[in-house]
Amino acid sequence: MMLGGTSFVAAAAVAAFFLQSAAPAAAVDTKDRAAIEAIVRDYILEHPEILPQAMEKLASKRMGAVIDQNRSVIETPYAGAWEGAAKGDVVLVEFFDYACGYCRATLPEIAKLVAQDSNLKVVYRELPILSEQSADAAKVSLLAAEKGQYMPFHRALYGAGKVTRDSIFGAAAQVGIDRKAAEAAMVSTKYNAEVESNIRLAQTLQASGTPTFVIGNQVLNGAVGLDTLKAAVATARGK
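Small disclaimer: the values here were computed from a predicted structure and weren't measured.

S.K.: Mind showing me how you'd approach unusual backbone geometry here?
M.R.: Comment: phi is negative for the bulk of residues other than glycine, and the bulk of peptide bonds are trans. With an omega of -5°, the peptide bond running from T210 to P211 counts as cis. Structurally, the position occupied by P211 is in the loop between α9 (192–204) and β4 (212–215). Despite not being glycine, Q206 has its phi angle at roughly 60°, a positive value. Examined against the element boundaries, Q206 turns out to sit in the loop between α9 and β4.

Written out as structure tokens, the structure is:
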């Protein structure tokens, strides 16, 4: 029976697991290895339902390794672009776009998480991919982060509805940033490195859009809901 490319990878992963569990590679002679591989092959053919599970576990393990390699960059906020516990034992990172309606819908869910969990830190990473106004909003948002007004600006802009230059200026004014300073931020190249870094990170994490969450060793794509976020936090915490 020929296995497709994806299933073959899963089968290979399962076989490798069995072989590693049986004995160190050097201790398994050719005859024994062939026998073990035959057993594993027969088991997989009789129980093909394990293939998706094996693939999911393999993908999760690989993504965990990617996150670990980039964790410091992922979890270190730009200036004040965070909320919650300064030294939380779990960090929830959200890649978002101010023009993303799903990100807006997630805002109250994150607020509930922060209110209910005194050991949670939430880091926000601008990922302006939806519109030109997204990029303008991201830059003014980072300016607000530098001024210690990130969350007030974040909530004000989402509360304004559709992202336009006027709504950005309005949200900025609410937190003490005048129009001239906001306009300067929009045309500045100062924030390009941060935005470009976020885009590279999102690509590395195979983010499919916004919002994308990184919690512990998990990447969650989309507006997954409060219960899923809570469960991910608990998993990261080891509960």
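S.K.: Got a minute to help me understand the sheet that holds β4 in this structure?
M.R.: In any sheet, the strands associate via hydrogen bonds between backbone groups, in a parallel or an antiparallel arrangement. Taken together, the 5 strands give an open sheet; going across it, the order is β1-β3-β2-β4-β5, and neighbouring strands pair in mixed fashion. Where the open sheet ends on each side, the last strands, each with one partner, are β1 (82–84) and β5 (218–221). The average angle at which neighbouring strand axes cross in this sheet is 20°, direction not considered. The sheet strands contacting α9 are β2 (90–96) and β3 (120–126), and the helix crosses β3 at an angle near 105°.

S.K.: In this structure, what is going on with the pattern of salt bridges? I would like to understand it.
M.R.: Between side chains of opposite charge, a pair can form as their charged atoms come close. According to the stated counting rule, one finds 9 salt bridges in the structure shown. Linking D136 and R165 is a salt bridge whose minimum nitrogen-to-oxygen distance equals 3.8 Å. With a gap of 29 residues between them, D136 in helix α5 (residues 132–146) and R165 in helix α7 (residues 165–174) connect regions that are remote in the sequence. A residue is classified by how much of its surface remains accessible, and D136, at 10% relative accessible area, is buried. Where E146 meets K190, a salt bridge forms, and the shortest distance between an N and an O atom there is 3.1 Å. Taken together, the residues span a long stretch of sequence, with E146 in helix α5 and K190 in the loop between α8 (179–187) and α9 at a distance of 44 residues.

S.K.: Quick question: what am I supposed to make of the pairing of β3 here?
M.R.: Note on strand geometry: in a regular strand, side chains alternate between the two faces of the sheet. A large share of β3 lies buried, amounting to 7 of its 7 residues. Every second residue of β3 is oriented toward a common face, with L120, V122, Y124 and E126 on one face and K121, V123 and R125 on the other, all of them buried. When β2 meets β3, the two strands line up parallel, connected through 7 bridges. Across the sheet, the residue bridging to F95 is R125, located in β3. What joins β2 to β3 is helix α4 (residues 101–116), and the crossover it makes is right-handed.

S.K.: Sorry if this is basic, but what is going on with the packing of helix α6 (residues 150–159) against α7 here?
M.R.: The axes of two packed helices give the description: the angle between them and the distance between them. Viewed as axis vectors pointing N to C, α6 and α7 meet at an angle of 145°, and their least axial separation amounts to 9 Å. In this structure, α6 meets α7 at a crossing whose hand is right-handed. Where α6 abuts α7, its residues F153, A156 and L157 lie against S167, I168, A171, A172 and Q174. In terms of residue class, the contact of α6 with α7 is made up of 6 nonpolar, 2 polar and no charged.

S.K.: Any chance you could explain the packing of α5 against α8 here in plain terms?
M.R.: Where α5 meets α8, the closest approach of the two axes is 8 Å, and the angle between their N-to-C directions is 120°. Of the possible angle classes, the one that applies to α5 and α8 is oblique. In this structure, α5 meets α8 at a crossing whose hand is right-handed. Note on element contacts: α8 touches α5 through A181, A182, A185, M186 and V187, opposite D136, K139, V140 and L143. Class assignment of the residues belonging to the contact of α5 with α8 gives a composition of 7 nonpolar, no polar and 2 charged.

S.K.: Would you take a moment to explain α9 for this structure?
M.R.: In an α-helix, one turn spans 3.6 residues, which is why side chains three or four residues apart end up on the same side. For α9, built from 13 residues, the straight-helix expectation of 18 Å at 1.5 Å per residue is met to within 8% by its first-to-last C-alpha distance of 18 Å. Regarding α9, the residues found buried are E194, V195, S197, N198, L201 and A202. Looking straight down α9, one finds its buried side chains confined to an arc of 160°; they lie on one side. Along α9, exposed side chains directed more than 90 degrees from the buried face belong to A193 and Q203. One or two residues past the end of α9 sits Q206, with phi positive at roughly 60°.

S.K.: Sorry if this is basic, but what is going on with the packing of aromatic side chains here?
M.R.: Here the distance between the centres and the angle between the planes together describe a pair of aromatic rings. This model, assessed by the stated rule, comprises 7 aromatic pairs. Residues F96 and Y158 carry aromatic rings whose centres are separated by 6.3 Å and whose planes lie at 55° to one another, so their mutual orientation is tilted. Note that F96 is positioned in strand β2 and Y158 in helix α6, a separation of 62 residues in sequence. Across the pair, exposure class does not vary: F96 and Y158 are buried alike. When the centroid spacing of 6.1 Å and the interplanar angle of 85° are considered together, the rings of Y98 and F153 count as edge-to-face. Placement of Y98 in the loop between β2 and α4 and of F153 in helix α6 is noted, with a sequence separation of 55 residues between them. A relative accessible area of 0% places F153 in the buried class. Grouping aromatic residues by their ring pairs yields a cluster made of F96, Y98, Y124, Y150, F153 and Y158. Taking the ring centre of W82 as reference, the NZ or CZ of K121 above it sits at 4.9 Å.

Rules behind the numbers
Residues numbered from 1 in each chain as written. Predicted model: local features only at pLDDT ≥ 70, side-chain atom pairs only at ≥ 80, totals over all residues. Heavy atoms only, no water. Helix = DSSP H or I, 4+ residues; strand = E, 2+ residues; numbered from the N terminus. Pairing = 2+ DSSP bridges. Axes fitted to C-alpha atoms, helices over the stretch in contact; angles between N-to-C directions. Contact = heavy atoms within 4.5 Å. Salt bridge = Lys/Arg side-chain N within 4 Å of Asp/Glu carboxyl O. Buried < 20%, exposed > 50% of the residue type's maximum accessible area, 1.4 Å probe, protein only. Right-handed = clockwise from strand over helix to strand, strands pointing away. Left-handed = near helix turned anticlockwise from the far one by under 90°. Nonpolar A, V, L, I, M, F, W, Y, C, P; charged D, E, K, R; others polar. Parallel < 35°, antiparallel > 145°, perpendicular 65-115°, else oblique. Expected span 1.5 Å × (residues − 1). Arc of directions from axis to C-beta. Phe/Tyr/Trp six-rings, centres within 6.5 Å; stacked < 30°, edge-to-face > 60°. Lys NZ or Arg CZ within 6 Å of the ring centre and 35° of its normal.

Spatial relationships are all this shows, so hold off on functional conclusions.
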